[in-house]
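# Per-entry structural report
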Amino acid sequence: LTYHPPIGGGVTEPFPERLHRLLTEVEENSQDDIIGFFAHGRAFAIHDRERFVKEIMPKYFKQSRLSSFQRQLNLYGFIRINSGPDLGGYYHQLFLKGRPSLAIHISRAGATAKRTQKTTPNFYGMNPVK
């Protein structure tokens, strides 16, 4: 038998899956005042940047700067919400609260990927994710 290393540089838990686990665990630990999903479950936000960098990031990521975290979000196609009640949050159509199996399908897009969506969807006009 020949050993075949994992595809993708041997990353044990890809960024989107780790982020989903982070959001689930911070909610379970009552730390969703730092980072958490919005009530509709289709987007999330960092509510306390300083505490996120100091208390949450070291437990889940090697990088220690918020800008590195934000770069990962961009590389995986997360879109920053620029208007409305979720201003400053992030969303991805395959990143939904309570549905970690969808995050498996999010792939790294690369630094030059173009974002085609110009407007933020109306999450409050959709059914909440259960």
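Presented here is an overview of the structure given in this document. (Residues numbered from 1 in each chain as written. Predicted model: local features only at pLDDT ≥ 70, side-chain atom pairs only at ≥ 80, totals over all residues. Heavy atoms only, no water.)

## Examining the nonpolar core
As a rule of thumb, nonpolar side chains are buried together in soluble globular proteins. Using the following cut-off: In plain words, nonpolar cores are sets of buried Ala, Val, Leu, Ile, Met, Phe, Trp, Tyr and Cys residues tied together by side-chain atoms within 4.5 Å. Only protein chains enter the area calculation, which uses a 1.4 Å probe; residues under 20% of their type maximum are buried, those over 50% are exposed, and those in between are partly exposed. Helix numbering and strand numbering both begin at the N terminus, where a helix is a DSSP run of H or I of at least 4 residues and a strand a DSSP run of E of at least 2. What makes two residues a contact is simply this: any of their non-hydrogen atoms within 4.5 Å.
Judged by nonpolar contacts, the single largest core of 24 residues is most densely connected at Leu19, Leu22, Phe44, Phe52, Phe69, Phe78 and Phe95. Contributing elements (two or more residues each) for this core: helix 1 (15-28), strand 1 (35-37), strand 2 (44-46), helix 2 (49-60) and helix 3 (66-75). In this view, Phe95 contacts Pro16, Leu19, His20, Leu23, Phe37, Gly41, Arg42, Phe44, Phe78, Ala103 and Ile106; residues no more than four positions away in its chain are not counted. If you look at the next biggest cluster of nonpolar residues, it comprises 7 residues, including Ala43, Ala45, Ile79 and Phe123.

## Side note on the environment of Glu13
Summarising the element assignment, Glu13 is placed in the segment before helix 1. Taking the C-alpha atoms as reference points, Glu13 and Ile104, 91 residues apart in sequence, are found 9.6 Å from one another. When residues no more than four places from it in sequence are discounted, the contact partners of Glu13 are Arg18 and Arg21.

## A few points about the pattern of salt bridges
Where charged atoms from two side chains of opposite charge come close, those side chains can pair. Put simply, the rule is: A side-chain nitrogen of Lys or Arg and a carboxyl oxygen of Asp or Glu constitute a salt bridge if their distance falls within 4 Å.
Evaluation of the coordinates by the stated rule reveals 7 salt bridges. Notably, a salt bridge pairs Lys97 with Glu27, separated by 3.0 Å at the nearest N-O pair. With a gap of 70 residues between them, Lys97 in the loop between strand 4 (90-91) and helix 4 (100-103) and Glu27 in helix 1 connect regions that are remote in the sequence. With a relative accessible area of 37%, Glu27 lands in the partly exposed category.

## Quick look at helix 1
Defined as follows: In a helix, the anticipated span is given by 1.5 Å times the number of residues less one.
End to end, helix 1 covers 20 Å across 14 residues, agreeing with the expected 20 Å (1.5 Å per residue, within 8%). Those residues of helix 1 not exposed but buried are Phe15, Pro16, Arg18, Leu19, His20, Leu22, Leu23 and Val26. Those residues of helix 1 that are buried are in contact with strand 1, strand 2, helix 2, helix 3 and helix 4. Positive backbone phi, approximately 55 degrees, marks Ser30, located one or two places after helix 1.

So, to be careful, I would describe these as geometric facts and stop short of saying anything about function.
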